[in-house]
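These are the residues of each chain, in order.
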Amino acid sequence: MEKTLTLTLMRLFLALCLGLPEVCGRREDLHAEVNAKKRPPHASETKSGRCSYTFIVPQQKLKGALCVSTAPADAAAAANRSEVASLRAELGRQQEQLEKLRAQLEREGSLATEVRALRKESNSMNTRITQLYAQLLHEVIHKKDQALEQRRVENLLLNATTQTLQVSSNFRELEKKYGALTSTMTSQNKLIASLEKQCQCRNATSASPVTPEPARTQTQAQSNYSSVAGEMTNDVQRDQSAPPSQKDQPTGRATVPAATTASAPTDHPFISFPITKTPGPWRDCQHALESGETTSGIYLLRPQSANRLLQAWCDQASAQGGWTVIQRRQDGSVNFFRTWEQYKQGFGNLDGEYWLGLEHLYWLTKQTHYKLRLALEDWQGRQVFAEYDSFYVEPESDWYRLRLGEYQGTAGDSLSWHNNKAFTTLDRDKDGYTGNCAHYQKGGWWYHMCAHSNLNGVWYRGGHYRSRYQDGVYWAEFHGGSYSLKRVSMMIKPA
Ligand SMILES: [Ca+2]
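This text gives an overview of the structure that appears in the document. This is a predicted model, so every value here is computed, not measured. (Residues numbered from 1 in each chain as written. Predicted model: local features only at pLDDT ≥ 70, side-chain atom pairs only at ≥ 80, totals over all residues. Heavy atoms only, no water.)

### Quick notes on helix α6 (residues 358–367)
Part 1 of the reasoning: Burial of α6 is extensive: nine of the 10 residues sit out of reach of the surface.
Part 2 of the reasoning: Buried within α6 we find L358, E359, H360, L361, Y362, W363, L364, T365 and Q367. (Buried < 20%, exposed > 50% of the residue type's maximum accessible area, 1.4 Å probe, protein only. Helix = DSSP H or I, 4+ residues; strand = E, 2+ residues; numbered from the N terminus.)

Structure below.
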């Protein structure tokens, strides 16, 4: 009886196992083993594998035979096995699918990382592109500016080139004109020289010869002026309108033999002066005045620290006296269109028209502080003056450059414009003009570009003159540049 119950319980357990495939899968072998070990041989065992139904009944005393049908249970087990197999296959498939999905997921994960990295890279690239764009923009603007600047410079260069060409063509034209004028002047000089020769021949043949202008001299001072018929030093500057007559000559002046005057033409002035008023020598005319020499005349001077004697006209009457005359014009008797060497040493007649000489001027004004006075007179007898409170000239190495102080006077200031200018003569061009001012103004002066005053110019008779150039003896502030003054003198005195 107990054996039967145990069997029933075993079957029930088996049925439960089959109902749960996973448990059953594992338990089946165990069940088989249990069956093999514990189940005693039984009559119903012969039909094992076929039982499929289990009935649980209350424990009671069985009477009669117990019949258990096993056939349906076997069929169910078989079905369960096939189901298990199919489930297993399904599980396998699902596991396989799961593996695939995992692999895919892994792939996608790495892909996502890659995408993120790419995105990051793209962002940085965008930033860089923005930067580069800004840089490019800046460069484009800068290049535009540069191009504009270049165009501007090119235009300037073009303008400058055009101007240069124009100036050079103008210069060439002027050069041509200058050449033509020079040749005209040369031919005129030649003509004048030949006319003078003809004139001299006629005078020699005539019974009563007229003393030629260059031959006149004075009793006190020997004339050193002569009309040397040189190319540039002839009488170009002489007033041609009316030659000086006998009445222009100072009274009491005797005509000396030609052997001592006209036959001895020289550029060196003031040589062998026979008589001076007093023994001297004086430092200057102020020194003579202070020593009691109160009459105007020729005095012998020796500037301090200068190993040279010179003579000059002392004006002891005008403006308290003591004036050393350094230049005088009054009758056009002396040619002032001279060379550098002549302006350096001086020329003319000490009691007439003369130029004291730049070298003398240098040594005189080196002694002390001098002032300059210019006395001017027009053809109506009107007299004016200009004074400069300081005056000296630099040495020859600096072309006797003019150094002038403050102006005062009644003539107007026509010399300050020449201050600090070098001296220029026909053969030494030191002026600020492209050509030589001395050629146009026909004198020697501290020319600038060219002159507001030209006291060494051509002495024209009568005031207003007609000439191609402003070459008269003029003081621009007094009657302008086309009026040639009658009397002019320049003199110096210690300030
Ligand atoms: Ca010049």
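### Considerations on the coordination of the calcium ion
Part 1 of the reasoning: The coordination sphere of the calcium ion, as far as protein atoms go, consists of D429 (OD), D429 (OD), D431 (OD), Y433 (O) and G435 (O), spread over 2.1 to 2.4 Å.
Part 2 of the reasoning: On the primary sequence, the residues serving as donors to the calcium ion are separated as D-x1-D-x1-Y-x1-G. (Donors = N, O, S within 2.8 Å, 3.2 Å for Na, K, Ca; no water.)

### Thoughts on the nonpolar core
Among soluble globular proteins, nonpolar side chains are generally buried collectively.
Part 1 of the reasoning: One finds L372 and W475 to be the most contacted residues of the largest nonpolar core, which totals 65 residues.
Part 2 of the reasoning: With five residues, α6 is the single largest residue contributor to this core.
Part 3 of the reasoning: The contacts of L372, once residues within four sequence positions are left out, are I326, A386, E387, Y388, F391, L404, L415, M490, M491 and I492. (Core = buried A, V, L, I, M, F, W, Y, C linked by side-chain atoms within 4.5 Å. Contact = heavy atoms within 4.5 Å.)

### Overview of the environment of D413
Part 1 of the reasoning: Along the chain, D413 turns up in the loop between β10 (407–409) and α7 (437–441).
Part 2 of the reasoning: Along the primary structure D413 and H452 are separated by 39 residues, whereas in three dimensions their C-alpha atoms are 9.0 Å apart.
Part 3 of the reasoning: D413 has contacts with Y388, Y407, W475 and E477, leaving out every residue within four places of it along the chain.
Part 4 of the reasoning: A polar contact of 2.5 Å, which involves the side chain of D413, links it to the side chain of S416. (Polar contact = N/O pair within 3.5 Å; in protein donor to acceptor, adjacent residues only side chain to side chain.)

### Describing the pattern of salt bridges
Part 1 of the reasoning: The full count for this structure, using the stated rule, is 11 salt bridges.
Part 2 of the reasoning: Here E396 ties to K344 by a salt bridge, and the two come within 3.0 Å at their closest N and O atoms. One end of the pair, E396, is in the loop between β8 (391–393) and β9 (402–404); the other, K344, is in helix α5 (residues 340–345), with 52 residues separating them in the sequence.
Part 3 of the reasoning: With a relative accessible area of 15%, K344 lands in the buried category.
Part 4 of the reasoning: Ionic contacts of the salt-bridge type, sharing partners, join the residues E394, D398, R401 and R403 into one network. (Salt bridge = Lys/Arg side-chain N within 4 Å of Asp/Glu carboxyl O.)

### Details of the packing of aromatic side chains
Part 1 of the reasoning: Across all of its chains, the model carries 17 aromatic pairs by this definition.
Part 2 of the reasoning: Ring geometry for Y440 and Y469: centres 5.1 Å apart, planes at 70°, overall edge-to-face. On the criterion of sequence distance, the pair formed by Y440 in helix α7 and Y469 in the loop between α7 and β11 (487–494) is long-range, its members being 29 residues apart.
Part 3 of the reasoning: Residue Y469 is classed as partly exposed on the basis of its relative accessible area of 25%.
Part 4 of the reasoning: An aromatic cluster of at least three residues, connected via ring pairs, comprises F336, W340, Y343, F347, W355, W399, Y400, F423, W445 and W446.
Part 5 of the reasoning: Lying over the aromatic face of F347, R338 brings its terminal NZ or CZ to 4.5 Å of the ring centre.
Part 6 of the reasoning: In this structure, K430 packs its charged tip against the face of W399, placed 3.9 Å from the ring centre. (Phe/Tyr/Trp six-rings, centres within 6.5 Å; stacked < 30°, edge-to-face > 60°. Lys NZ or Arg CZ within 6 Å of the ring centre and 35° of its normal.)

### Some thoughts on the state of the cysteines
Part 1 of the reasoning: Applying the stated criterion across every chain, the model contains two disulfides.
Part 2 of the reasoning: In this model C285 forms its disulfide with C314; the gap between the sulfur atoms is 1.8 Å. Here the disulfide of C285 and C314 is left-handed, its torsion about the S-S bond being about -75°. Placement of C285 in helix α4 (residues 285–290) and of C314 in strand β2 (residues 310–315) is noted, with a sequence separation of 29 residues between them.
Part 3 of the reasoning: A relative accessible area of 0% means that C314 is categorised as buried.
Part 4 of the reasoning: Bridging C437 to C450, the disulfide has an S-S length of 1.9 Å. The sign of the S-S torsion, about -80°, decides the handedness of the disulfide formed by C437 and C450: left-handed. With C437 in helix α7 and C450 in the loop between α7 and β11, this pair connects stretches of sequence that are 13 residues apart.
Part 5 of the reasoning: Exposure remark for C437: the relative accessible area of 0% places this residue in the buried category. (Disulfide = S-S within 2.5 Å.)

### Overview of a nonpolar patch on the surface
Part 1 of the reasoning: On the surface, Y133, L137 and I141 cluster together into a nonpolar patch covering about 320 Å² of accessible area.
Part 2 of the reasoning: Positionally, I141 belongs in helix α3 (residues 71–205). (Patch = residues over 30% accessible without salt bridge, like charges linked within 9 Å, V, L, I, M, F, W, Y side chains within 5 Å. Areas by Shrake-Rupley, 256 points an atom, 1.4 Å probe, with all protein chains shown as cover.)

### Let's talk about the side chain of R328
Part 1 of the reasoning: As for its placement among the helices and strands, R328 is situated in strand β3 (residues 323–329).
Part 2 of the reasoning: D351 provides the closest opposite charge to the buried, unpaired R328, separated from it by 6.0 Å.
Part 3 of the reasoning: With near-sequence residues (within four places) excluded, R328 lies in contact with W313, F336, L350, D351, G352, E353, Y354, V488 and S489. (Lys, Arg positive; Asp, Glu negative; His and termini not counted.)

### So, the pairing of strand β7 (residues 383–388)
Part 1 of the reasoning: Judged from the six bridges that link them, strand β6 (residues 370–377) and β7 form a sheet pairing that is antiparallel. The residue bridging L374 from the neighbouring strand is A386, located in β7.
Part 2 of the reasoning: Hairpin connection, β6 to β7: the antiparallel pair is bridged by five residues, and G381 has positive phi, about 85°.
Part 3 of the reasoning: Pairing analysis gives three bridges linking β7 to β10, with the strands arranged antiparallel. By the bridge assignment, E387 is partnered in β10 with Q408. (Pairing = 2+ DSSP bridges.)

### Quick word on the pairing of β3
Part 1 of the reasoning: Most of β3 is tucked away: seven of the seven residues are buried.
Part 2 of the reasoning: By the bridge criterion, two bridges tie β2 to β3 in an arrangement that is antiparallel. Paired with C314 across the two strands is T324, which belongs to β3.
Part 3 of the reasoning: Bridge count between β3 and β11: five bridges; the pairing is antiparallel. Looking at β11, one finds that R329 is bridged to V488.
Part 4 of the reasoning: In the sheet, β3 pairs with strand β5 (residues 354–355) via two bridges, with the strands oriented antiparallel.

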